[in-house]
Amino acid sequence: MSVVISSPYQNSVADYWNREKNPVNLRLGEVSGTYHHHYGIGDVDWSVLEGPEEGRDERMIAEMHRLETAQAVLLLDHLGPIQPGDRLLDAGSGRGGSSFMAHERFGCHVDGVSISQKQVDFANEHARLRGVDDRVRFHLCNMLKTGFEPESFAGIWNNESTMYVNLAKLFAAHAQLLRPGGRYVTITGCYNDVYGLPSKAVSEINAHYICDIHPRSAYFRAMADNGLVPISVVDLTELTIPYWELRAQSSVITGIEQAFLTAYRDGSFQYLLIAADRV
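Residues numbered from 1 in each chain as written. Predicted model: local features only at pLDDT ≥ 70, side-chain atom pairs only at ≥ 80, totals over all residues. Heavy atoms only, no water.

Visitor: Where do I start with the sheet that holds strand β1 (residues 87–91) in this structure?
Guide: Hydrogen bonds between backbone atoms are what pair the strands of a sheet, whose relative direction is either parallel or antiparallel. Taken together, the seven strands give an open sheet; going across it, the order is β3-β2-β1-β4-β5-β7-β6, and neighbouring strands pair in mixed fashion. With partners counted over all chains shown, the strands left at the sheet margins are β3 (136–140) and β6 (228–235), one partner each. Within this sheet the neighbouring strands show an average axis-to-axis angle of 15°, counted without direction. Note that strand β4 (residues 153–159) and strand β5 (residues 178–191) share six bridges and pair parallel. Looking across to β5, one finds that F153 is bridged to L178. (Pairing = 2+ DSSP bridges. Helix = DSSP H or I, 4+ residues; strand = E, 2+ residues; numbered from the N terminus. Axes fitted to C-alpha atoms, helices over the stretch in contact; angles between N-to-C directions.)

Visitor: What exactly am I supposed to notice about empty space enclosed by the protein here?
Guide: It is a probe the size of a water molecule, rolled over the atoms, that shows where empty space is left. All told, the structure shown has one cavity of 30 Å³ or more when counted by the stated rule. Its boundaries defined by the atoms lining it, the largest cavity holds a volume of some 690 Å³. In terms of lining, the largest cavity is formed by 47 residues, of which the most central are W17, H37, E160, S161 and Y164. Listed by contribution, the elements that provide at least two residues to the lining of the largest cavity are α1 (8–19), α2 (23–32), α4 (97–106), β2 (109–114), α7 (200–209), α9 (237–247), α10 (257–266) and β7 (269–278). In terms of residue count, the dominant contributor to the lining of the largest cavity is α1 (five residues). Of the residues that constitute the lining of the largest cavity, the class distribution is 23 nonpolar, 18 polar and six charged. (1 Å grid on protein atoms, 1.4 Å probe; cavity = no way out; pocket = protein on both sides within 12 Å on 5 of 7 lines; lining within 4 Å. Points joined across faces, edges and corners; volume = space filled by probe spheres on them. Nonpolar A, V, L, I, M, F, W, Y, C, P; charged D, E, K, R; others polar.)

Visitor: Sorry if this is basic, but what is going on with the pattern of salt bridges here?
Guide: Oppositely charged side chains can pair when the atoms bearing their charge come close. Taken as a whole, this structure holds 15 salt bridges when the rule is applied. Residue R95 is joined to E20 by a salt bridge in which the shortest nitrogen-to-oxygen separation is 2.9 Å. Taken together, the positions of R95 in the loop between β1 and α4 and E20 in the loop between α1 and α2 put the pair 75 residues apart, joining distant regions of the chain. For R95, a relative accessible area of 5% corresponds to the buried category. The exposure class of E20 is buried, given its relative accessible area of 7%. Where R56 meets E53, a salt bridge forms, and the shortest distance between an N and an O atom there is 3.0 Å. Judged by relative accessible area, which is 23%, R56 ranks as partly exposed. The exposed category is assigned to E53, whose relative accessible area is 58%. (Salt bridge = Lys/Arg side-chain N within 4 Å of Asp/Glu carboxyl O. Buried < 20%, exposed > 50% of the residue type's maximum accessible area, 1.4 Å probe, protein only.)

Visitor: Can you walk me through the pairing of β7 in this structure?
Guide: One face of the sheet, then the other: side chains in a regular strand alternate in exactly this way. Of all 10 residues in β7, 10 are buried; the element is thus mostly enclosed. Side chains F269, Y271, L273, A275 and D277 project from β7 onto one buried face, and the interleaved Q270, L272, I274, A276 and R278 project onto a second face that is buried too. As defined by bridge partners, β5 adjoins β7 across nine bridges and the pair is classed as antiparallel. Its bridge partner lying in β7, V185 is registered against A275. When β6 meets β7, the two strands line up antiparallel, connected through seven bridges. Bridging from a neighbouring strand, L228 pairs with R278 of β7.

Visitor: Help me understand unusual backbone geometry, please; the structure alone is not making it clear to me.
Guide: Trans is the common state for peptide bonds, and a negative phi is the common state for residues other than glycine. Located in the positive-phi region is E151, a residue other than glycine, with phi close to 55°. If you trace the backbone, E151 turns up in the loop between β3 and β4. Accessibility expressed as a relative area gives 42% for E151, which makes it partly exposed. Even without glycine at this site, E160 takes up a positive phi of about 60°. Along the chain, E160 falls in the loop between β4 and α6 (167–177).

Visitor: What's the story with α4 in this structure? I'm lost.
Guide: Note: α-helices contain 3.6 residues per turn, so residues at a spacing of three or four share the same orientation. By the criterion of burial, α4 is predominantly enclosed, with eight of the 10 residues buried. Taken as a whole, α4 has its buried residues at G97, S98, S99, F100, M101, A102, H103 and F106. Here the buried face of α4 lies against α3 (56–77), β1, β2, α5 (117–130), β3 and β4. Count one or two residues on from α4 and you reach G107, which has phi positive near 75°. (Contact = heavy atoms within 4.5 Å.)

Visitor: What is the right way to read the environment of L140 from this model?
Guide: Structurally, L140 can be placed in strand β3. For L140, a relative accessible area of 30% puts it in the partly exposed group.

Visitor: Would you mind showing me how to read the packing of aromatic side chains here?
Guide: Considering all chains together, one arrives at 16 aromatic pairs under this definition. Here the aromatic cluster, defined as three or more aromatic residues joined through ring pairs, consists of Y39, Y209, Y243, W244, F260, Y264, F269 and Y271. The positively charged end of R87 is found above the aromatic ring belonging to F148, 5.0 Å away from the centroid. (Phe/Tyr/Trp six-rings, centres within 6.5 Å; stacked < 30°, edge-to-face > 60°. Lys NZ or Arg CZ within 6 Å of the ring centre and 35° of its normal.)

See below:
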């Protein structure tokens, strides 16, 4: 594998995720044993707020986990007809949730990559406990230069991880790893070019996660430059707002909820799914 950390910024990102113990990730993952590092989509079952006070927090946590799992399901839906003999790459795999879901659905090999040793160790231990460590493996490496063989993957995805890297370099790397006709899918937040520079709320999100949210146009430009042809673009903005409304009332708030709600509602921020084929 290649050198993992290649800049001071990447070192700061790795340090952030190595130290991260956020209940909004851990408590939600404890609901089913599948740990995600992304947000949710779909209508909220607001009945979780009704009934006795005792158990209300647990009902809210379970509902948020249902919504984040629905987001991962939608991403996997767009990977196309993956076969058991195929190989997938989860770029920025976190604690492994989407990788395990992909293996469960397709029966294929899945490689996850992260620059956080803590995340890689956590995910590999869960692969062992699930008895799938011969087919689902997590690697400490940089998604911009993984060291995997060219054209060795039928599909690659980024689930809310593109804002940590240069898009031109990322899509060049993905295009090299995808076999001809392979599918790339991302779900990401991006700022609306119509607004010019990032809004105040988007800037707050950047500062909170030490990331650099890209403009919407940058995705399509970098894809075109690297032979990735979009076949589906889905605006998930309205579908994710209910998740944030529920999260803002939960016990696992992080202080960034209002920034997301403001940015989504004023149109300066969008939540997109983009699926593209490598030509």
